[in-house]
Amino acid sequence: MVFRLIIVLFFFSVGAFSQEKFTKHKISKGENITVIAKKYGVKVKDIQDANPNAPKVLKLNSVLLIPNKNVRTAQKSSQNEASKTKNIAYDTPGSHEVLQKETLWGIAKKYNVSVDELKKANPTLETDGLKIGQHLNIPSNAVVSENIVNTDNVKPEIVPIANTELNVKVQVKETKYSIAKKYGITVAELERQNPSIKKKLRVGQSLKISTTAEKANQVLETADLNTGKQGDISSNAVALTPNGVSTDVAKPEIITSENTEVVVEVQPKETKYAIAKRYGITVAELERQNPFIKGKLPVGYVLKIKTTKEKADALNVNSSQIIDSTQPSIEVADNSNVAKDSGIVRISNHSDLINQLISNATENIGTRYRSGGTTKAGFDCSGLMFCTFGNFDIKLPRSSIEQSRIGTRVASEEAQKGDLIFFKTNGRRHINHVGMVVENVDGEIKFVHSSTHGGVMISSTKEAYYTRAFSQVNRVLE
């Protein structure tokens, strides 16, 4: 009797379980498995899995088991909860489990560390790469970013700091570019602060320059060191004495004004030149404020940039309305002597200008080749040089053969950054290709150019094609 009771209870519990998990459906005329699946809001595969022995052609009045959608949803929800719990268990401080579709850059951003720091903490990444389910060691100084924020729409964090305003007297042989560089601002910013110099810069003209406190202190120190040394100061900052008489070696008059510090995260494809240009400072000033980017500029790094309050406000109001400042133009005072012998432009302290020329040219890497092109829509080789130098008010001839006739010809082993390098390609007897030297190490010259087969790119004279085609190197800047 007890045995029979147990059997009855067993079948009852099994029936109840099946009833909860499945619904029985009797096939009516005109129905097929797709119609039935739609009726119950389940997938065709789910019905097929629940009825493995059902014939492909359904018979009238036969019974199918239909999976209960609510039960499946509850199971899926419990599985998701279990998965979340598992992830929480694995993602303890100092470790992270790699999930599907995650990238090394995304993980680094989540924990506010750089990709290089992740690779140092996990040496196997260099050889084996990133794998799903892999457990990564996270550097101890990492802080988990709880919410992923779209950085394109995030307003920069602005920290007010003190700024200074200097009264500067224009000296003989000074240019807008040299003055702007000395005070850590761009030519466009110098002209914005002093609209009267947009057309012409006159010797003896007084300028008001707003710059950072650190830069002002450097000028003060220079003024102290050169006090009493006539002619040693190339651009003297002028202050008024109590008697109203100006003195060339006096310390600059400092007027405190409000400046801002902007916190910026480096985005993919951004360059130092582009960031500096956007915030109205030079590349040298950007590197001085953030010394760790002197070697390279890793994506995801956080920079602290000191700029004018007006610039920061413009960026803060609407990033889409920001208009890039123009490239530094090389203009000189009326009686300055900038010599142009055989097409050579002589500029003092031009290393920063050359770096900016190279940065400007390499920003176009990936742009396609276009015969006669001088825009982002496409460049030919001489068009790239013409446009790059033209952005800095240095006028080059339009064709490569004409460009090869300016400047001073130098030996290939003496080639320097910013020199023009020429080739005779495809067996031609005359020069028909040009690029700009970006590096010369151990006899290997690397140059940026616009190639017919690859567009704007960097190539090397060690490549057999360019070894055979090499013609000469010309120096156009001294």
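Residues numbered from 1 in each chain as written. Predicted model: local features only at pLDDT ≥ 70, side-chain atom pairs only at ≥ 80, totals over all residues. Heavy atoms only, no water.

Draft legend 1. Up close: the overall build of the chain. Helix and strand content of the chain: 17 helices and 20 strands. In the chain, which comprises 478 residues, the proportion classed as buried is 39%. Residue pairs in contact within the chain that sit at least 24 positions apart in sequence constitute 63% of those at least 6 positions apart. Working note: accessible area of the chain is about 27,600 Å², and carbon and sulfur atoms make up 53% of it. (Helix = DSSP H or I, 4+ residues; strand = E, 2+ residues; numbered from the N terminus. Buried < 20%, exposed > 50% of the residue type's maximum accessible area, 1.4 Å probe, protein only. Contact = heavy atoms within 4.5 Å. Areas by Shrake-Rupley, 256 points an atom, 1.4 Å probe, with all protein chains shown as cover.)

Draft legend 2. Inspection of unusual backbone geometry at higher detail. Despite not being glycine, Asn112 has its phi angle at roughly 55°, a positive value. Within the secondary structure, Asn112 sits in the loop between helix H5 (104–110) and helix H6 (115–121). Among the residues examined, Asn112 registers a relative accessible area of 53% and is labelled exposed. Not every positive phi belongs to a glycine, and Asn426 is a case in point at roughly 55°. Looking at the secondary structure, you find Asn426 in the loop between strand E16 (420–423) and strand E17 (433–441).

Draft legend 3. Main features of helix H15 (residues 381–390). Counting buried positions along H15 yields 8 of 10 residues, so the element is predominantly enclosed. Those residues of H15 lying buried are Cys381, Ser382, Gly383, Leu384, Met385, Cys387, Thr388 and Phe389.

Draft legend 4. Spotlight on the pattern of salt bridges. What the rule picks out here adds up to 9 salt bridges. One salt bridge in this structure joins Arg288 and Glu285, with 2.7 Å as the shortest N-O distance. Taken together, the positions of Arg288 and Glu285, both in helix H12 (residues 283–289) and 3 residues apart, correspond to about one turn of that helix. (Salt bridge = Lys/Arg side-chain N within 4 Å of Asp/Glu carboxyl O.)

Draft legend 5. Seen up close, the packing of aromatic side chains. Per the counting criterion, the structure on display carries 5 aromatic pairs. Note on Phe423 and Phe470: the rings are 6.2 Å apart at their centroids and 75° apart in plane angle, and the pair reads as edge-to-face. Of this pair, Phe423 sits in strand E16 while Phe470 sits in strand E20 (residues 470–475), placing them 47 residues apart in sequence. Classification of Phe423 as buried rests on a relative accessible area of 0%. Assessed through its relative accessible area of 31%, Phe470 is described here as partly exposed. With a centroid separation of 5.3 Å and an interplanar angle of 85°, the aromatic rings of Phe447 and Tyr466 are classed as edge-to-face. Of this pair, Phe447 sits in strand E18 (residues 444–451) while Tyr466 sits in helix H17 (residues 464–469), placing them 19 residues apart in sequence. With a relative accessible area of 0%, Phe447 lands in the buried category. An aromatic cluster of at least three residues, connected via ring pairs, comprises Phe423, Phe447, Tyr465, Tyr466 and Phe470. (Phe/Tyr/Trp six-rings, centres within 6.5 Å; stacked < 30°, edge-to-face > 60°.)

Draft legend 6. The packing of helix H14 (residues 351–362) against H15, seen in detail. Between H14 and H15, whose axes approach to 9 Å, the crossing angle comes to 130°. If you check the angle between H14 and H15, you find them oblique. Along this stretch, H14 crosses H15, giving a crossing that reads as right-handed. Where H14 abuts H15, its residues Leu357, Asn360 and Ala361 lie against Leu384, Thr388 and Phe389. A per-class count over the contact of H14 with H15 returns 4 nonpolar, 2 polar and no charged. (Axes fitted to C-alpha atoms, helices over the stretch in contact; angles between N-to-C directions. Parallel < 35°, antiparallel > 145°, perpendicular 65-115°, else oblique. Left-handed = near helix turned anticlockwise from the far one by under 90°. Nonpolar A, V, L, I, M, F, W, Y, C, P; charged D, E, K, R; others polar.)

Draft legend 7. Representation of helix H2 (residues 33–40) in the model. A distance of 3.1 Å separates the backbone nitrogen of Thr34 from a side-chain oxygen at the start of H2, and that oxygen is part of Asn32. Of the residues flanking the end of H2, it is Gly41, one or two places downstream, whose phi is positive at about 70°. (Polar contact = N/O pair within 3.5 Å; in protein donor to acceptor, adjacent residues only side chain to side chain.)

Draft legend 8. Quick peek at the sheet that holds strand E19 (residues 455–460). Here 6 strands make up an open sheet; going across it, the order is E15-E20-E16-E17-E18-E19 and the pairing antiparallel. The sheet terminates laterally at strand E15 (408–410) and E19, the two strands that pair on one side only. The average undirected angle you get between the axes of adjacent strands in this sheet is 35°. Where E17 and E18 come together, 5 bridges link them in antiparallel fashion. When the sheet's bridge partners are listed, Met436 is paired in E18 with Val448. (Pairing = 2+ DSSP bridges.)

Draft legend 9. Geometry of the pairing of E20. Taking burial as the measure, the 6 residues of E20 include 5 buried ones, the bulk of the element. Sheet topology places E16 next to E20; 4 bridges connect them, and they run antiparallel. Residue pairing for E20: Phe423 is matched across the bridge by Phe470.

Draft legend 10. Up close: the side chain of Glu174. For Glu174, the position within the fold is in the loop between strand E5 (157–169) and helix H8 (176–182). Here Glu174 is buried and forms no salt bridge, its nearest opposite-charge partner Lys182 lying at an N-O distance of 5.4 Å. Among the polar contacts made by the side chain of Glu174, one reaches the main-chain amide nitrogen of Gln171 at a distance of 2.8 Å. (Lys, Arg positive; Asp, Glu negative; His and termini not counted.)

Draft legend 11. Here's a closer look at the environment of Ile421. Mapped onto the fold, Ile421 is located in strand E16. Between the C-alpha atom of Ile421 and that of Ile445, which follows or precedes it by 24 residues, the distance is 9.1 Å. Contact partners of Ile421, with chain neighbours within four places excluded, come to His433, Val434, Gly435, Met436, Val437, Ile445, Phe447, Thr461, Phe470, Gln472 and Val473.

Draft legend 12. Summary view of the environment of Cys387. You can see Cys387 is positioned in helix H15. Once the C-alpha coordinates of Cys387 and Gly373 are considered, the two residues, 14 residues apart in sequence, prove to be 9.5 Å apart. Setting aside residues up to four positions removed in sequence, Cys387 forms contacts with Thr374 and Phe379.

Draft legend 13. A look at the confidence of the model for the chain. Taken over all residues, the pLDDT of the chain has a mean of 75, while the share at 70 or more is 70%. Mean pLDDT values for the elements of the chain range from 38 in strand E7 (residues 239–240) up to 97 in E16. Here residues 228–257 is modelled with pLDDT under 50, and outside its nearest four sequence neighbours on either side it reaches 68 contacts, counting other chains as well. Across residues 317–342, where pLDDT falls below 50, the model places 57 contacts with residues more than four positions away in sequence or in other chains. (pLDDT = per-residue confidence, 0-100.)

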